Amino acid sequence: MEDPELVVVGGGPVGSTVAAQTASFSTLVVEEHPEVGTPVQCTGLVHPRVVEMAGGESSVINAISGFKLFFPGGRVLDVMSNEVKAMVIDRTTFDRHCCDRAIDEGADVLTGRKFVGFRKEGAKARVRLEGPKGKEELTTSLIIGADGYKSTVGAAAGIGPAKETVRGMQVDLDTVLDIQSQVEVYLGKNVAPGFFAWVLPCGDFTRVGLCVSNGAGAPSKFLSELIRKRGLQGAERLRTYSGVIPIGPPKITHADNVLIVGDAAAQTKPLSGGGLFTGMRAAKWAAMTAVDALEEGDVSASYLSSYEQRWRSDIGKELERGMLVRKVYTKMSDQKLDEVGRMMDRDDAKEVLSTGDIDFPSKLARPMLKTVPTLIKFSPQALGSLLRKS
Ligand SMILES: Cc1cc2nc3c(=O)[nH]c(=O)nc-3n(C[C@H](O)[C@H](O)[C@H](O)COP(=O)(O)OP(=O)(O)OC[C@H]3O[C@@H](n4cnc5c(N)ncnc54)[C@H](O)[C@@H]3O)c2cc1C
C-alpha cells in the first residue's frame, strides 16, 4: 500500500463526500466494515436537496409532503404541504452510491480496516490500522475523521466528544400504511423521553422508531409500547436497527494533522437528530480546508483552524438555535407540551408549520411566534434569544 497524502477514516456518506472532493491529492478511505453501507443506523428521511447534493436519486424509496404531530394527551396536528418536503432513502444504496462517487473521482477505498490510532512523525502522521491480516501502518499528512459518533480519530487527537448523545432504535414492519405521504411524529415522556418517535411510510413496509435521552431507559421498551399503541404489533419485523446520535459539537473539531467531520464532530441537527445534510455540508468545508493545507504544505492545527470558521459560519448558527430549542423542549412536561399543541391547533399556525424546512427548523421561529405570540411564555429567555439569532 503506497502512503496516501490524505486518509479519510469512515466510508459513510460524509467520509465519501469528503473523499470525492479531495481526490486531486491521493486519498484513501478506510472503512472498518467489510462492505460500505452496512450496518444501517438511520431512518433515511432527508430533504430532497440532500438527494440532489449526492446525485443519489437511485436510493429514494418514498416522498413525504406532511406530518401528523401527536401530542401526549392525544391531540393531533395534521399538516400537509403541496410540495415534497422530504424523501425516504435507502441508506445502503445511498452510502454505496456516495462511495462509488469518491472512487470515480480517484479516491481509493480500503474496507475491513479499522483505524486504531496515530502518532506524529515530524510534520506527518503515522496511522495504525487493524485488518484481517493483523496490524498495518501507513504514513500520511492529514487524517479526516468521518468515523461516526464514537470517533476514534477525534479521541486519538484529543478532541472532546459531543455534548450529548441520544439512543435510537427502529424496526421495519411488513405492513403498508394507507397514507404514504405523511410521517407520524409522537411526542411525550412516556413515548420517547428527551426526543420523539416516528412512524414512516416506506411503500411496501413501514419504519417505526424512536430515540430517547441517555439514562431514560432502553429504547426497545418504548418501541414495543409504541408499536402496540399504534396497533402494529401483528406485523412481522423485517429489520431492526439501533444507533446513537451525537448532539452538540465539541468546541474544537481540528488538531495537528486532523479534522473531524459529520457525526464524528456531532454536526447533527439537535431537534431531529438528522445528520446527513449538515454532515455533507461540513464535508465540503473539510475537503476545501484539506486541499488548501496540502497545497500549502501546512497541516498544523493553526493552519487547519480555518475549518472551524468555515463550517460554523455555514451551519453552526442553525445548530446553536437547535440546541436552544432542544433545551426548552427537553425541560417541558407533557402537560406543557399539550398546552403548546392546543395553542398551535389552528389553521394559521398549521399553515406556518407547512412551510417548514427540515434542514432549517429555526426559520419557523419568527413566523410561528408572530402567529401564536403566547408561545413565548414557555421560555421567554431562550425563545427571545432565538429570535435575536434568527
Ligand atoms: C436511529 C437513527 C435515525 C437517524 N435518522 C436520520 C434521518 O432520518 N436523517 C438524517 O439525515 N440522519 C439521520 N440519522 C443520523 C445519520 O445516520 C448520521 O448523521 C449520518 O449517518 C452521519 O454520517 P457519517 O458519515 O458522519 O457517519 P456514519 O454514517 O456513522 O459513518 C461512519 C463510518 O465510519 C466507520 N468507522 C467508525 N469507526 C471506524 C474506525 N475506527 N475505523 C474505520 N472505520 C470506522 C463506520 O463503520 C461507518 O461506516 C439517524 C441516526 C440514527 C441513529
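To be clear, the structure that these remarks concern was listed above.
Residues numbered from 1 in each chain as written. Predicted model: local features only at pLDDT ≥ 70, side-chain atom pairs only at ≥ 80, totals over all residues. Heavy atoms only, no water.

Trainee: Explain helix α5 (residues 219-229) to me, using residue names and the numbers behind them.
Mentor: Among the residues making up α5, those that are buried are P219, F222, L223, L226 and I227. The arc that holds every buried residue of α5, seen down its axis, measures 135°, which confines them to one face. Residues of α5 that are exposed and angled more than 90 degrees away from the buried face: K221 and K229. Buried residues along α5 sit against β13 (164-173), β14 (182-186), β15 (197-201), β16 (206-213) and β17 (237-247). At the exit of α5 stands G231, carrying a positive phi of roughly 75°. (Buried < 20%, exposed > 50% of the residue type's maximum accessible area, 1.4 Å probe, protein only. Helix = DSSP H or I, 4+ residues; strand = E, 2+ residues; numbered from the N terminus. Arc of directions from axis to C-beta. Contact = heavy atoms within 4.5 Å.)

Trainee: Give me the lowdown on the sheet that holds strand β6 (residues 76-80), citing residues and values where you can.
Mentor: Reading across from one edge, β6-β5-β14-β15-β16-β13-β17 is the order of the seven strands in this open sheet, with mixed pairing throughout. At either end of the open sheet lies a strand with only one pairing partner, and these are β6 and β17. Taken over all neighbouring pairs, the strand axes of this sheet differ in orientation by 15° on average, direction set aside. (Pairing = 2+ DSSP bridges. Axes fitted to C-alpha atoms, helices over the stretch in contact; angles between N-to-C directions.)

Trainee: Can you tell me about the packing of helix α1 (residues 13-22) against helix α6 (residues 276-296), naming the residues and giving the values?
Mentor: What describes two packed helices is the angle between their axes and the distance between those same axes. Contact geometry of α1 with α6 gives a least axis separation of 8 Å together with a crossing angle of 35°. α1 and α6 meet at a crossing whose hand is right-handed. Judged by residue contacts, P13, V14, T17, V18, Q21 and T22 of α1 engage L276, G279, M280, A283, K284, A286, A287, A290 and V291 from α6. Here the contact of α1 with α6 is built from residues that sort into ten nonpolar, four polar and one charged. (Left-handed = near helix turned anticlockwise from the far one by under 90°. Nonpolar A, V, L, I, M, F, W, Y, C, P; charged D, E, K, R; others polar.)

Trainee: Would you mind going over the side chain of S354 in detail, with residue names and values included?
Mentor: Summarising the element assignment, S354 is placed in helix α10 (residues 347-354). Every residue in contact with S354, bar those within four places of it in the chain, is listed here: V79, M80, S81 and K85.

Trainee: Describe the site of the ligand, naming the residues involved and giving the relevant values.
Mentor: Lining the immediate environment of the ligand, one finds 32 residues, of which E31, H33, L45, F115 and D263 sit closest. Between a nitrogen atom of the ligand and a main-chain N or O atom of T43, the distance comes to 3.0 Å. With respect to the ligand, the backbone of L45 contributes an N or O atom lying 2.9 Å from an oxygen atom. Bound to the protein, the ligand loses 89% of the 990 Å² it would expose on its own. (Near = heavy atom within 4 Å. Polar contact = N/O pair within 3.5 Å; in protein donor to acceptor, adjacent residues only side chain to side chain. Areas by Shrake-Rupley, 256 points an atom, 1.4 Å probe, with all protein chains shown as cover.)

Trainee: Which residues make up the packing of aromatic side chains, and what values do they have?
Mentor: Taken as a whole and judged by the stated rule, the model has four aromatic pairs. Their ring planes at 15° and their centres at 4.8 Å tell us that F195 and F196 sit as a pair that is stacked. The pair F195 / F196 is uniform in exposure class, with both members buried. Centre to centre, the rings of F277 and F360 are 5.6 Å apart; their planes meet at 70°, and the pair counts as edge-to-face. Placement of the pair is F277 in helix α6 and F360 in the loop between α10 and α11 (365-371), with a sequence separation of 83 residues. (Phe/Tyr/Trp six-rings, centres within 6.5 Å; stacked < 30°, edge-to-face > 60°.)

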